[in-house]
Amino acid sequence: MNELFLMIDDRTSSDTSQVLAANLRRLRIARHLSLSQLARATGMSKATLSGIENRSANPTVETLAGLTAALRVSFAELLEAPPLAEIRVVRSREPRATRDGTPRRLLDAISADGSCAIFELILSARRIYEAEAGPSGARAYLYVLAGRLIAGPVERPTELESGDYASFPADVAQIFETTRDPARALLLTQALNG
């Protein structure tokens, strides 16, 4: 039986596979599905799905159709990069000072003209905390103190580890999820006064 493969121009194949990998992982996590659960829902092997997420597999059109059906999304949502607001991540291994030696202010985007709230998130292993969307223009600033977190807007979370910092929109639903270990983080939310 001949399988129909998705043919992509060589110049864009790397970009497309990167977008597909990121979108599949993002959509799977947003729906709280493990690779095993998605494999059962699609009738595909876990290795195939892992290969797509790791950019080592070339999915067929039938595979993509199965994924769109199981995730209840269109082909475009699977293959195009989402146009979302800026998400900024500062990794713990990045230098903490500018070239002239002055300390970096991780939260320098926070202004005095908005209302802020600071929370300490303490999540045990394999826990999910979901935050509702804040007012329009709200932002979240997250610093991971210990452990590893999958955090950010529900439709576009990022994996963070101890010492990492992320800034993302808080005017959409957000997710904070631990893996095998507990995690602690400081979360500052800011709603701008209109």
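As the structure is a prediction and not an experimental result, all values here were calculated from the model. (Residues numbered from 1 in each chain as written. Predicted model: local features only at pLDDT ≥ 70, side-chain atom pairs only at ≥ 80, totals over all residues. Heavy atoms only, no water.)

(A) Focus on the nonpolar core. Core analysis: the largest hydrophobic core is formed by 18 residues, its most contacted members being Leu-142, Leu-149, Ala-151, Leu-160, Phe-168, Phe-176 and Leu-187. Mapped onto this core, the elements with two or more residues apiece are strand S2 (114-123), strand S4 (139-146), strand S5 (148-153), strand S7 (165-169) and strand S9 (183-192). Sequence-distant contacts of Leu-149, defined by excluding residues within four places in its chain, comprise Leu-123, Leu-142, Val-144, Thr-158, Glu-159, Leu-160, Phe-176, Glu-177, Thr-178, Ala-183 and Ala-185. Counting residues in hydrophobic clusters, the runner-up holds 15 residues, among them Leu-24, Leu-38, Leu-64 and Leu-78. (Core = buried A, V, L, I, M, F, W, Y, C linked by side-chain atoms within 4.5 Å. Buried < 20%, exposed > 50% of the residue type's maximum accessible area, 1.4 Å probe, protein only. Helix = DSSP H or I, 4+ residues; strand = E, 2+ residues; numbered from the N terminus. Contact = heavy atoms within 4.5 Å.)

(B) Up close: the sheet that holds strand S3 (residues 128-131). Taking strand neighbours across the sheet as the criterion, the four strands line up as S3-S8-S5-S6 in an open arrangement whose pairing is antiparallel. Only two strands of the sheet have a single neighbouring strand rather than two, namely S3 and strand S6 (158-161). On average, each strand axis in the sheet is inclined to that of its neighbour by 20°, with strand direction left out of account. Bridge analysis of S5 against S6 gives four bridges, and the strand direction is antiparallel. Counted as the bridge partner of Ala-151 is Thr-158 from S6. (Pairing = 2+ DSSP bridges. Axes fitted to C-alpha atoms, helices over the stretch in contact; angles between N-to-C directions.)

(C) Expanded view of the packing of helix H2 (residues 35-42) against helix H3 (residues 46-53). It is the contact of H2 with H3, at a shortest axis distance of 8 Å, that shows an interaxial angle of 115°. Classified by chirality, the crossing of H3 by H2 is right-handed. Residues Leu-35, Ser-36, Leu-38, Ala-39 and Thr-42 of H2 form the contact with H3, whose own contacting residues are Lys-46, Leu-49, Ser-50 and Glu-53. By residue class, the composition of the contact of H2 with H3 is four nonpolar, three polar and two charged. (Left-handed = near helix turned anticlockwise from the far one by under 90°. Nonpolar A, V, L, I, M, F, W, Y, C, P; charged D, E, K, R; others polar.)

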